[in-house]
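Report on the structure
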Amino acid sequence: MPPTINMGIPGATSSVRSGGGSQASGKRVLLAEPRGYCAGVDRAVETVERALEKHGAPVYVRHEIVHNKHVVETLAKAGAVFVDETDEVPEGAIVVFSAHGVAPTVHETAAERSLQVIDATCPLVTKVHNEAKRFARDDFDILLIGHEGHEEVVGTAGEAPDHVQVVDNPDAVDKVTVRDPEKVIWLSQTTLSVDETMETVRRLREKFPTLQDPPSDDICYATQNRQVAVKAMAPECELVIVVGSRNSSNSVRLVEVALGAGSRAAHLVDYAEDIDPAWLEGVTTVGVTSGASVPEVLVRGVLERLAEYGYGTVQPVTTANETLVFALPREIRPPRS
Ligand code: SF4
């Protein structure tokens, strides 16, 4: 018997995975680790919380601070006001920019309206912005692999609109044209499927053999780690439940990765109540994970619901340990003592 751990879930026990494909008998949950909050989301959510503490409500936030319904609703109750555009914010007020980053034009509009900006852009998104600026300065054609219209892609492309083309998926490669095939680089959105992105790159390289790679991975550590964990557990699952919102790119990718790695079915849920009991018919092993913008309380709700249906044994599947923490934005950082 593997050792058991008290997970704090009513009716649930947890056993450490014994490896080597050993199968516990009966219904069980495989719980992916790492899952949930990444360093960039943690920082962005704390930024809004601290801004509210320091300045009081309302604190304006341009777009959803992170793509999670529960987080946005909780912050809205605490006094955050979410707006689509900066010109909806009263002159001189405080505005937080979301973790997904913004184009320089958004900073310009904010300055024109004398807004007090707190920029919660994830540092790993800022890194991609800096790459776009640098390669645009060197007059490269930049092929930005990412989802057309996604906030992060709009922000990154906005750094160098005359140099960036968005490549949405492998099939979109056929339409790409460049000025000089010897001076082309690809960059990417941080939250893509690693496998699909590599397929897009393969097809781009067939077309442009001297295509340059980004100086370092643009798909971030958190996206990659969550996909690796799902790939490890999905072959043993008949069903994978991904906790996350529909507009969360990295959460949607986890559903695709689970299906690609062998799970018979995979579904995205915002809350435990979204689980359809019909999904569980004939299922022995359920995999559970969560996107990078999902607080752990929502995963605990899902585990409690599954325990009610007899999936009381929870076995962690751990593929990495994450320790990265980002400093808060300068405007909100506590003073050094
Ligand atoms: S998913 Fe990656 S890029 Fe996005 S906020 Fe988290 S760490 Fe940053």
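Along each chain, residues carry numbers from 1 onward, in the same order as the chain's sequence is written. A pLDDT threshold of at least 70 governs which residues receive local features in this predicted model, and a stricter bar of 80 or more applies before side-chain atom pairs are shown or counted, although totals over entire chains, interfaces and linings include all residues. Calculation of side-chain values draws on the structure's entire complement of heavy atoms; hydrogens and water are dropped beforehand.

Per an unreviewed UniProt entry, the protein chain goes by 4-hydroxy-3-methylbut-2-enyl diphosphate reductase and derives from Mycolicibacterium porcinum. UniProt positions are given in the numbering used here, feature names are shortened, and annotations may be inferred rather than shown by experiment. Taken from UniProt, the Sequence similarities (unreviewed entry) comment for the protein chain reads in full: "Belongs to the IspH family."

Re the site of the ligand
We define proximity as follows: a residue is near a molecule or strand when any one of its heavy atoms falls within 4 Å of that partner. Surrounding the ligand, one finds Cys38, Gly40, Val41, Cys122, Leu124, Thr190, Thr191, Cys220 and Tyr221. Per-class residue counts for the shell around the ligand are six nonpolar, three polar and no charged. In the scheme used here, Gly and all other residues not listed as nonpolar or charged are polar, with Ala, Val, Leu, Ile, Met, Phe, Trp, Tyr, Cys and Pro taken as nonpolar and Asp, Glu, Lys and Arg as charged.

Some words on the nonpolar core
Inside soluble globular proteins, nonpolar side chains tend to come together where they are buried. Residues grouped as a nonpolar core are buried Ala, Val, Leu, Ile, Met, Phe, Trp, Tyr and Cys residues, joined through side-chain atoms within 4.5 Å. Exposure is judged per residue with a 1.4 Å probe applied to protein chains only, and the accessible area is read against the type maximum: over 50% gives exposed, under 20% gives buried, and values in between give partly exposed. Judged by nonpolar contacts, the single largest core of 24 residues is most densely connected at Val48, Ile65, Val66 and Val96. Broken down by secondary-structure element, the contributors of at least two residues to this core are α1 (39-55), β4 (59-62), α2 (69-77) and β6 (94-97). With six residues, α1 is the largest single contributor of residues to this core. In what follows, residue pairs with any heavy atoms lying within 4.5 Å of each other are defined as contacts. Contacts of Val96, omitting those with residues within four sequence positions, involve Thr47, Val48, Val59, Tyr60, Val61, Arg62, Ile65, Ile118 and Ala120. Counting residues in hydrophobic clusters, the runner-up holds 21 residues, among them Leu239, Leu280, Val294 and Val314. Where helices and strands are cited, they refer to DSSP runs of H or I of at least four residues and of E of at least two residues respectively, numbered from the N terminus.

Quick notes on the environment of Gly155
Following the sequence through the fold, Gly155 ends up in helix α5 (residues 151-157). Once the C-alpha coordinates of Gly155 and Ala103 are considered, the two residues, 52 residues apart in sequence, prove to be 4.1 Å apart.

Description of the packing of helix α7 (residues 221-233) against helix α8 (residues 249-260)
In contact at an axis separation of 9 Å, α7 and α8 are set at 25° when each is read in the N-to-C sense. Between α7 and α8, the crossing angle belongs to the class labelled roughly parallel. Our pair here, α7 against α8, has a crossing hand that is right-handed. Together, Thr223, Arg226, Gln227, Val230 and Lys231 of α7 and Asn250, Arg253, Leu254, Val257 and Ala258 of α8 make up the contact between the two elements. Each residue belonging to the contact of α7 with α8 can be placed in one class, and the counts come to four nonpolar, three polar and three charged. To get an axis, a line is fitted to the C-alpha atoms, and for a helix only the part in contact is used. The angle between two axes follows their N-to-C directions and goes from 0 to 180 degrees. Angular relationships are summarised with four words: roughly parallel below 35 degrees, roughly antiparallel beyond 145, roughly perpendicular across 65 to 115, and oblique for the angles in between. Should the near helix be turned anticlockwise from the far one by less than a right angle, the crossing is left-handed, and should it be turned clockwise, the crossing is right-handed.

Comments concerning the UniProt feature "binding site: dimethylallyl diphosphate" (unreviewed entry) in the protein chain
Mapped onto this numbering, the UniProt entry gives "binding site: dimethylallyl diphosphate" (unreviewed entry) at His67, His100, His150, Ser248, Ser249, Asn250 and Ser293. Within the secondary structure, His150 is located in the loop between β8 (141-145) and α5. Not counting chain neighbours up to four residues away, the residues in contact with His150 comprise His67, His100, Gln189 and Ser249. Residue placement: Asn250 occurs in helix α8.

Points about the packing of aromatic side chains
The aromatic pairing rule takes the rings of Phe, Tyr and Trp, using the six-membered ring of Trp, and pairs them if the centres are within 6.5 Å, calling planes under 30 degrees apart stacked, those over 60 edge-to-face and the rest tilted. All chains considered together, the criterion is met by one aromatic pair. Ring geometry for Phe135 against Phe140: centres 5.3 Å apart, planes inclined by 85°, an arrangement best described as edge-to-face. The pair Phe135 / Phe140 is uniform in exposure class, with both members buried.

Some details on the sheet that holds strand β9 (residues 164-167)
Between any two strands, at least two bridges found by DSSP are needed for them to pair. As summarised here, the arrangement of the three strands in space is β9-β8-β10, forming an open sheet in which the pairing is parallel. Here the strands that pair on one side only, and so sit at the sheet edges, are β9 and β10 (184-188). When strand polarity is set aside, the average angle formed by the axes of neighbouring strands in this sheet is 30°. Contacts from helix α4 (residues 123-137) reach β8 and β10, with the element oriented near 165° to β10. Against the sheet, helix α6 (residues 194-207) engages β8, β9 and β10, with an angle of about 170° to β10.

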